[in-house]
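Structure assessment
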Amino acid sequence: MKKVHTLFIITSLVCALFVGCKKSSKANVDPARLQEVVVYTYDSFCGEWGSGPEIARLFEEKTGIKVNFIDCGDGVQILSKALIEKADPYADVLLGLDNNLTDKAVESGVFESFKPSNADVLAVGLEDALGGNWLMTPYDYSPFAIIWNSLSGLEAPTCLEDLTKDIYKKKLILMDARTSTPGLGFETWVNKVYGDKAADYMKRLEPSILTMAPGWSVGYGMFTDGEAPLVISYTTSPAYHIEYGEGDQYKALTFSDGHVMQVEGAGLVKGAKNPEGAKKFIEFLISEEAQNVIPTTQWMYPSNAKVVLPACYDTIEMPEILK
């Protein structure tokens with residue numbers, strides 16, 4: 001009986017300790033933290049002219065929850081930072097990874113699957129492009145394209161191979177695939193077109209490359225400053241220049257090779273300090289209210305199929321997309 005009594009006491013103490021630990025863990029969460037969603041993203045989303053500030057304002061107005069955007073550089077860097085903090089995550093949401101990072105997103109283990117309750121508003125096929133596992137929810141998309149300054153006096157290339165010609169020496173701005181999703185997108189494009197000869201193509205392309213910018217903002221800024229007449233960007237990029245009265249000198253070229261699509265997503269961080277706030281933010285991100293902000297700030301197509309595009313998109317054409 002003494003042994004049974006002793007065992008009962010020990011078991012009770014262990015259970016009490018376990019319950020106490022659970023209560024202590026919850027007690028350690030700062031209540032103020034539950035009124036804030038921390039979002040790791042990239043500069044052109046959370047910057048002054050990006051979608052972030054207005055979406056954050058609308059979200060706080062609707063829910064009372066503040067959004068704290070933290071600029072991590074670009075999509076690849078967002079994932080890298082989340083991986084470093086995996087054991088004790090600071091972010092609640094990662095926003096800005098794309099379909100070229102889906103495998104790494106799965107392997108990383110930093111995401112928790114979450115399907116928004118309003119997922120039926122999404123354009124068909126976008127979630128499948130992100131893996132179909134709801135680790136990331138699509139919020140915008142556009143095909144990659146080479147943007148050409150038609151007033152530069154330079155002949156427009158018609159395919160990837162053209163870019164290797166001598167007339168394009170130091171005329172092309174690309175982004176680093178190690179830090180930038182457009183850089184990774186261009187690499188994916190080349191791999192789809194050239195297959196096992198992709199490395200040979202990139203070697204032949206080297207003389208044409210003025211620089212490998214660390215991210216889209218830096219690279220596209222150099223392009224609009226006139227440092228080179230060609231840059232990797234999106235078929236939707238000219239809409240910005242049309243909207244702000246800069247004319248149509250910047251043209252998205254349609255290549256005979258076909259193009260690759262970028263689909264950007266936002267995902268719930270596993271172990272997030274404010275998971276409920278994060279879920280509300282992701283659902284709001286694909287709502288019509290938030291998605292109406294996307295076309296004239298992200299200069300991409302909104303993932304919500306119900307959103308009506310502004311007139312500056314009227315001349316934008318969808319090129320053939322490589323599978």
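Here the structure is a predicted model, which means the values were calculated and not measured.

This part covers the pattern of salt bridges. According to the stated counting rule, one finds 12 salt bridges in the structure shown. For R57, the salt bridge goes to E54, with nearest N and O atoms at 2.8 Å. Pair noted here: R57 and E54 are both in helix α3 (residues 52–63), with a separation of three residues, about one helical turn. One salt-bridge network, held together by shared partners, links E54, R57 and E61.

A few words on helix α11 (residues 275–285). Residues of α11 that are buried: G277, A278, F281, I282, F284 and L285. Projected onto a plane normal to the axis of α11, the buried residues spread over an arc of 160° and lie on a single side.

The next thing to look at is the confidence of the model for the chain. For the chain, the average pLDDT comes to 91, and 91% of its residues sit at 70 or higher. Ignoring residues within four places in sequence, the model shows residues 1–27, a span with pLDDT below 50, making zero contacts including any to other chains.

This next bit is on the environment of S256. Looking at where S256 falls in the secondary structure, it is placed in the loop between β9 (250–252) and β10 (261–269). What makes S256 exposed here is its relative accessible area of 61%. Along the backbone, S256 and G50 are 206 residues apart, and their C-alpha atoms lie at a distance of 32 Å. In this view, S256 contacts T158 and C159; residues no more than four positions away in its chain are not counted.

What helix α4 (residues 75–84) keeps buried is the set G75, V76, I78, L79 and A82. Here the buried residues of α4 occupy an arc of 160° about the axis, which is enough to place them on one side. The secondary structure elements touched by the buried residues of α4 are β1 (36–41), β3 (93–98), α5 (102–108) and α7 (181–194).

Right, let's talk about the nonpolar core for a bit. Judged by nonpolar contacts, the single largest core of 56 residues is most densely connected at I55, V93, L94, L95, L97 and F281. Elements that contribute at least two residues to this core include exactly β1, α3, β2 (66–71), α4, β3, β5 (137–149), β10 and α11. Looking at which element gives the most residues to this core, the answer is α11, with five residues. Setting aside anything within four residues of it in sequence, one finds V93 in contact with V37, V38, V39, Y40, A266, G267, V269, A278, F281 and I282. Membership of the second largest hydrophobic core comes to 34 residues, among which are W148, Y194, A198 and F255.

Once that is clear, we can look at the packing of α3 against α11. One way to put it is that α3 packs onto α11 with a least axis distance of 11 Å and a crossing angle of 120°. Compared by their axis directions, α3 and α11 come out oblique. Note that α3 runs across α11; the crossing there is right-handed. In this structure, α3 uses I55, L58, F59 and K62 to contact α11, whose residues at the interface are G277, K280, F281, F284 and L285. Of the residues contributing to the contact of α3 with α11, the split by class is six nonpolar, one polar and two charged.

Turning next to the packing of aromatic side chains. Applying the stated rule across the entire model yields 18 aromatic pairs. With a centroid separation of 5.9 Å and 70° between ring planes, the pair formed by F45 and Y139 is classed as edge-to-face. One end of the pair, F45, is in helix α2 (residues 43–46); the other, Y139, is in strand β5, and 94 residues separate them in sequence. Its relative accessible area of 0% is what places F45 among the buried residues. Given the relative accessible area of 0%, Y139 is considered buried. Between F69 and F281 the ring centres are 6.4 Å apart and the planes differ by 70°, which places this aromatic pair in the edge-to-face class. Here F69, found in strand β2, pairs with F281, found in helix α11; they are 212 residues apart in sequence, far enough to count as distant. A connected cluster of aromatic rings, assembled from ring pairs, spans Y42, F45, F59, F69, Y139, F281 and F284.

At a minimum axis distance of 9 Å, the contact between α7 and helix α8 (residues 198–205) shows a crossing angle of 120°. Classified by the angle their axes make, α7 and α8 are oblique. The crossing of α7 and α8 is right-handed. Contacts between α7 and α8 involve F186, V190, N191 and Y194 on the former and, on the latter, A198, Y201, M202, R204 and L205. Residue composition of the contact of α7 with α8, grouped by class: seven nonpolar, one polar and one charged.

A few words on the pairing of β10. β10 sits mainly inside the fold: eight of its nine residues count as buried. Bridge count for β3 against β10 is five bridges, and the pairing is antiparallel. Each residue of the ladder has a partner; that of D98, found in β10, is E264. Relative to β10, strand β4 (residues 111–112) runs antiparallel, the two being bridged by two bridges. Bridging from a neighbouring strand, F111 pairs with V269 of β10. Two strands pair when backbone bridges link them, and β5 and β10 are joined in this way by six bridges, in the antiparallel orientation. Its bridge partner lying in β10, T137 is registered against A266.

Cut-offs applied
- Residues numbered from 1 in each chain as written.
- Predicted model: local features only at pLDDT ≥ 70, side-chain atom pairs only at ≥ 80, totals over all residues.
- Heavy atoms only, no water.
- Salt bridge = Lys/Arg side-chain N within 4 Å of Asp/Glu carboxyl O.
- Helix = DSSP H or I, 4+ residues; strand = E, 2+ residues; numbered from the N terminus.
- Buried < 20%, exposed > 50% of the residue type's maximum accessible area, 1.4 Å probe, protein only.
- Arc of directions from axis to C-beta.
- pLDDT = per-residue confidence, 0-100.
- Contact = heavy atoms within 4.5 Å.
- Core = buried A, V, L, I, M, F, W, Y, C linked by side-chain atoms within 4.5 Å.
- Axes fitted to C-alpha atoms, helices over the stretch in contact; angles between N-to-C directions.
- Parallel < 35°, antiparallel > 145°, perpendicular 65-115°, else oblique.
- Left-handed = near helix turned anticlockwise from the far one by under 90°.
- Nonpolar A, V, L, I, M, F, W, Y, C, P; charged D, E, K, R; others polar.
- Phe/Tyr/Trp six-rings, centres within 6.5 Å; stacked < 30°, edge-to-face > 60°.
- Pairing = 2+ DSSP bridges.

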